[in-house]
Amino acid sequence: MATEISTIDSSAARTEILHRIREANGGSADGDHAATQWGSIERSYRRWATRPPAEVIELLEDRLRDYDAHAVHTAAGDVAATVAKMLIDRGLSRMVIPDGLDAAWMPPGFDFVVDQGFHASQLDGFEGVMTGATLAIAETGTVVLQNVPGQGRRAISLIPDYHLCLVQVQDVVETVPEALKRLGTTACLPTTFFSGPSATADIEMTRIKGVHGPRFLDVILMH
Amino acid sequence: MSGTTETVLDPKTSPAFPIAARSVLEDTQLRKNVRHATEVIQAKRARVVGEMPDWQALRESGRQIREHAMANLDHYLEEFERNCTRAGGKVHWARDGEEAKRIVTALVKASGSNEVIKIKSMTTEEIHLNQSLEAAGLRAYETDLAELIIQFGHDQPSHIVVPALHKNRQQIREIFQREMNLPELGDKPQDLADAARRFLREKFLRVKTAVSGANFLIAETGGVCIVESEGNGRMCLTLPETLITIAGIDKVLPRFQDLEVMLQLLPRSATGERMNPYNSIWTGVHENDGPRTFHVVLMDNARTEVLADAEGRQTLNCIRCGACQNACPVYRQTGGHAYGSVYAGPIGAILTPQLQQMHHAQSLPYASSLCGACYEVCPVKINIPEVLIHLRNKVVVQKGLSAEALAMKVMGAIFRSEKRFRAAQRLGRIAEAPLVHKDGQGEGWIGWLPGLLGGWTQVRDLKEMPKETFRDWWEKRGSRGN
Amino acid sequence: MGLRVALFITCYNDTLFPETGKAVVKVLERLGHTVEFPAGQTCCGQMHWNTGYQAEALPLVGRFAEQFRNAEAVVVPSSSCVAMMRDHYPKMAEEIGDQKLITEVAELLPRVYEFSEFLTKRLQLEDVGAYYPHRVTYHASCHGLRNLGLGDGPQRLLRAVKGIDLIQIDHMEQCCGFGGTFAVKNADVSSAMLAEKTTAVLNTGAEACTACDNSCLMHIQGALHRQRTGVRTVHLAEILAGNEEATQ
């Protein structure tokens, strides 16, 4: 286990660096003044939705498809049936789920196992993971998860090869600023933005899917 | 990998740009790869930027946010430290690269692991961290596909965002075949990615300590944000027991809300995507989610020097998107290695010499035709051409007396006087006369110029000076008429 | 009502490309304006400033202001020189610290125009009565494109030329590789960039390549001539000066 690092004392470095910064800036920064200055930063970019809600949802679907993430709609009462269909289509049954996932979303006949703090190699043994989501951003095709009940810790949506993500339509926003605003109150939680499955363009600039992280991402939009 | 002398891009010892460029210009494969890669990203960028009606507004806000952060850097670093510490993180400070390496090495040892998995971090490349770790008996595994290619190829990064952009699939296949022992490996990009996935997965599930950089440090919350594509970042940030994040002090953002601007500017500029696949934000240590021990090493390494330069400090606003490299017509011809630094292209031409406090890399500010394409695409509006000119002035002042400086002084004196200017014009015609040859049309051309000017006539002819200057003609005709 | 237009010929046009200056005079007089030529003019200081010799460039600000302070409009057949003045003269005047100069520069600069923008923006013209029956392609000089925002002004002027066959060049906005002293200090890279530009010119099948800057054209022409391509370069002003009587 990690030992106490008593030999590393960077207080001298700290003092010197802060001193250099103050010299460079011609004085010490003042917190109140900084706050006022920050408040007067010009922000004339779009900060609210410009499209009606139905279009926003359509946009999200469109963008998800662009990333090869599969997106379907379902009515509130049909979630479990839709989940069943998705899993059958994919030929999967052994799924890890976070604590607090809505029981009504889970159809019978599949192996849903609640995360017990499994080790990474155990997580590797699951075929997929199913979670809810905090919100989705339509313009960028992004789904955001945080460490809360129903979404779970980060490792479970990282190691399995398939991620089935359930998003409520009222949690879909159009723009990135709207999303950051909603995340503001829980900003300190572990947060992950997903925009399509893992990809890289490092080989001749061709986008290749699935280096690490789930290679397959499905999204169910719940009305 | 062990026991081999790694070549490193060290501005202190790299050849001057014109010399380095000369040899890379002979590398047909490299030039083809670089042209292809930069064209692809530029096209993608143009598409996703073209969609944004508020792109210019975002750029302006991006510029103001970064400028504001630098102007209050001490305040925000202290705030970050407070908040990160409160959330269970341990914050360390390093005045330079050597100090940072000592701290990271000690932290790795203290974690009880003799190996680390790493996320791509230009900051760690800047200080050559891996070499220090190796020297201390610690193995560092790069997990970013491009960095893996670089590491296995005993190579150096040539681009901030796509470090192996100078390699094509056959070259990558050869490297993987050899280093991963996969003689049957195919050369389709998917095959190569799959090979990397299998090779690295074993490391992700086993290695206990990770080292990362940071895209943004959020002062308001003490949080750190990593922007990535492959998922290796998420692996390194979540699975190990100990995480050590090293970040330049210029990575600070004032508030969480400021991510709303950066997360729009960065992916569109860097890879031409509306959003990159994964962004991770964490704050200190989280119970049962991620590493139990988290360290941040805040590194100066001459950034405060850059901050102290009124005209140069805008360089620190950089969010490492690489768009300037993709747009640069010089980079397009040479790729990154010719710049002799891990920071190449336009941003490298201004950042590298400043981080060297102008003692090295003095040829880099001249590695530009000042075309301005970089400034046009910079998401935070760094006026790179302006900084280049400013740094050229610093180089000139530092160099003092030289043949060039003398010639420039003489030219300066000539321009300050109408008489001297006209005399110089006449002298020029006389001086060039022996070099002029008539071509097939009877026009006079010069095919060879001596000394410094010889660079011109390498591939270009120079037309002889006309017998009559414009002002001679003007005077002859009077104020009106022919 | 004709304007009194002062011509800032620029040091290199004066010495190497007097034909461009003559063409500017011809076009302006054809349009009914009077051209003046302050004889003490020399150079805007760009070469010194851009190469890092700022101390030598500073005195040229005052010189320019002094020569042109009474001009109704100043026309310059070189976009890089105008960019130099617009982008740098104000802060150079601040550095000199002379309040009178600072004010003079601020008042003078709005009256300084690159030649094509004088026609399209100040005079609001596209057709200047030109005739040039040749196949031509246009290269967008970097300073004109990015610093001055000339946009499609030069091309609109060209399209209005009688008899012209204007062909679009690929990668029009890509730098030709001149870059002032860059062409000499980094001759190899400059040549590589030039090779792409000349290839693009040759691919258009044009007889001539034009631009708003003789610096670019001198560089492009240097390669076109060395390679004996038979393709020439011609400044935009010279095309616009072309008329039915002129022989080519």
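So, how was this worked out
Counting of residues starts from 1 at the beginning of each chain's written sequence and follows it residue by residue. Starting at A for chains and at 1 for ligands, labels are handed out in the order in which the entities are written. Note on the predicted model: pLDDT of at least 70 is required for a residue's local features to be given, and 80 or more for side-chain atom pairs to be given and counted; whole-chain, interface and lining totals, by contrast, use all residues. Put simply, DSSP H or I for four residues or longer makes a helix, DSSP E for two residues or longer makes a strand, and each gets a number counted from the N terminus. In this scheme the burial state of a residue depends on its C-beta neighbours within 10 Å: 20 or more other such atoms mean buried, 12 or fewer mean exposed, and anything in between means partly exposed; the C-beta positions come from the backbone. Each residue is represented by a C-beta atom placed from its backbone, and any two residues with such atoms within 7 Å are regarded as in contact. Any residue that is not Ala, Val, Leu, Ile, Met, Phe, Trp, Tyr, Cys, Pro, Asp, Glu, Lys or Arg is counted as polar, Gly included; the first ten are nonpolar and the last four charged. When DSSP locates at least two bridges between a pair of strands, those strands are taken to pair. An automatic or database domain assignment supplies the start and end points of every domain. Axis lines are fitted to C-alpha atoms, over the contacting stretch for helices. Their N-to-C directions set the angle, which ranges from 0 to 180 degrees. Put simply, angles under 35 degrees are roughly parallel, angles over 145 are roughly antiparallel, angles from 65 to 115 are roughly perpendicular, and the rest are oblique. Crossings are sorted by hand: turned counterclockwise from the far helix by less than a right angle, the near helix makes the crossing left-handed, and turned clockwise it makes it right-handed. Given a helix with a known number of residues, its expected span is that number minus one, times 1.5 Å.

1. Description of the overall build of chain B
Then comes step 1: A count of helical and extended segments in chain B gives 22 helices and 13 strands.
Then comes step 2: The principal-axis extent of the C-alpha atoms belonging to chain B is close to 90 × 55 × 45 Å.
Then comes step 3: Residues classed as buried in chain B amount to 59% of the 482 residues present.
Then comes step 4: Intrachain contacts of chain B at a sequence separation of at least 6 include 73% that bridge at least 24 residues.

2. Here's the deal with unusual backbone geometry
All names here are of chain B.
Then comes step 1: Phi is positive for Leu 370, close to 60°, though the residue is something other than glycine.
Then comes step 2: Mapped onto the elements of the fold, Leu 370 is located in the loop between α16 (345-355) and α17 (373-377).
Then comes step 3: One non-glycine residue, Lys 381, lies in positive phi territory at about 55°.
Then comes step 4: Among the secondary structure elements, Lys 381 is positioned in the loop between α17 and α18 (384-399).
Then comes step 5: Residue Lys 381 is classed as partly exposed on the basis of its 18 C-beta neighbours within 10 Å.

3. Focus on the interface of chain A and chain B
Then comes step 1: Taken together, the contact pairs 70 residues of chain A with 84 residues of chain B.
Then comes step 2: Of all the secondary-structure elements, those providing two or more residues to the side of chain A that touches chain B are α1 (11-25), α2 (31-39), α5 (120-123), α6 (176-183), β9 (191-194) and β10 (199-200) of chain A.
Then comes step 3: With 11 residues, α1(A) is the single largest residue contributor to the side of chain A that touches chain B.
Then comes step 4: Looking at side-chain class alone, the side of chain A that touches chain B contains 31 nonpolar, 24 polar and 15 charged residues.
Then comes step 5: Two strands pair when backbone bridges link them, and β9(A) and strand β9 (residues 278-283) of chain B are joined in this way by 4 bridges, in the antiparallel orientation. Each bridged residue has a counterpart across the sheet, and for A:Thr192 the counterpart in β9(B) is B:Ser280.

4. Examining the interface of chain C and chain B
Then comes step 1: Listed per partner, the contact involves 50 residues of chain C and 49 residues of chain B.
Then comes step 2: The biggest single contributor to the side of chain C that touches chain B is helix α12 (residues 187-204) of chain C, with 7 residues.
Then comes step 3: In terms of residue class, the side of chain C that touches chain B is made up of 23 nonpolar, 19 polar and 8 charged.

5. Some remarks on the domain arrangement of chain B
Then comes step 1: Each assigned domain of chain B is listed with its residue range as follows: domain 1 (17-304) and domain 2 (421-477).
Then comes step 2: Put simply, the middle of domain 1 of chain B and the middle of domain 2 of chain B, counted by C-alpha atoms, are 53 Å apart.

6. Overview of the pairing of strand β7 (residues 162-168) of chain A
All names here are of chain A.
Then comes step 1: Within β7, 6 of the 7 residues are buried, leaving the element largely enclosed by the surrounding structure.
Then comes step 2: Across 3 bridges, the pairing between strand β4 (residues 128-131) and β7 is parallel. Along β7, the bridge assignment pairs Val 129 with His 163.
Then comes step 3: In terms of strand pairing, β7 meets strand β12 (residues 216-222) through 7 bridges, oriented parallel. The partner of Leu 166 across the bridge, within β12, is Ile 220.

7. Quick look at the packing of α6(A) against helix α12 (residues 259-270) of chain B
Then comes step 1: With their axes 8 Å apart at the nearest point, α6(A) and α12(B) run at an angle of 140° to one another. One finds that α6(A) runs oblique with respect to α12(B). Between α6(A) and α12(B) lies a crossing whose hand is right-handed. Together, A:Val176, A:Pro177 and A:Leu180 of α6(A) and B:Leu259, B:Glu260, B:Leu263 and B:Gln264 of α12(B) make up the contact between the two elements.
Then comes step 2: Looking at the contact of α6(A) with α12(B) residue by residue, the classes come out as 5 nonpolar, 1 polar and 1 charged.

8. Notes on the environment of B:Ser369
Then comes step 1: Relative to the helices and strands, B:Ser369 resides in the loop between α16 and α17.
Then comes step 2: With 25 C-beta atoms packed within 10 Å, B:Ser369 lands in the buried category.
Then comes step 3: Each C-alpha atom, one on B:Ser369 and one on B:Cys328, is 9.5 Å from the other, the two residues being 41 residues apart in sequence.
Then comes step 4: Dropping the residues within four chain positions of it, B:Ser369 is found in contact with B:Pro329, B:Val330, C:Cys175, C:Gly177, C:Phe178, C:Gly179 and C:Phe182.

9. Things to note about the sheet that holds strand β1 (residues 70-74) of chain A
Residues and elements named next belong to chain A.
Then comes step 1: Reading across from one edge, β1-β12-β7-β4-β2-β3 is the order of the 6 strands in this open sheet, with parallel pairing throughout. The sheet is open, and its two edges are formed by β1 and β3 (111-114), each paired on a single side. Taking the axes of each pair of neighbouring strands and ignoring which way they run, one obtains an average angle of 25° across the sheet.
Then comes step 2: With 4 bridges joining them, strand β2 (residues 94-97) and β3 adopt parallel strand pairing. If you follow Arg 94 over to β3, its bridge partner there is Asp 111.

10. Focus: the pairing of strand β7 (residues 242-248) of chain B
Residues and elements named next belong to chain B.
Then comes step 1: The buried count for β7 comes to 7 of 7 residues, which makes it a mostly enclosed element.
Then comes step 2: Burial along β7 is two-sided: the residues Thr 242, Ile 244, Ile 246 and Gly 248 and Leu 243, Thr 245 and Ala 247 are all buried.
Then comes step 3: Pairing of strand β4 (residues 209-212) with β7, which is carried by 4 bridges, proceeds in the parallel orientation. Residue pairing across strands places Ser 212 opposite Thr 245, the latter belonging to β7.
Then comes step 4: In the sheet, β7 pairs with strand β10 (residues 293-299) via 7 bridges, with the strands oriented parallel.

11. With respect to helix α4 (residues 73-86) of chain B
All names here are of chain B.
Then comes step 1: For α4, which comprises 14 residues, the first-to-last C-alpha distance of 20 Å matches the rise-based estimate of 20 Å (1.5 Å per residue) to within 8%.
Then comes step 2: Across the 14 residues of α4, 10 count as buried, placing the element largely inside the fold.
Then comes step 3: Leu 73, Asp 74, His 75, Tyr 76, Leu 77, Glu 79, Phe 80, Glu 81, Asn 83 and Cys 84 are the residues of α4 that are buried.
Then comes step 4: Within two residues after α4, Gly 88 carries a phi angle of roughly 100°, on the positive side.

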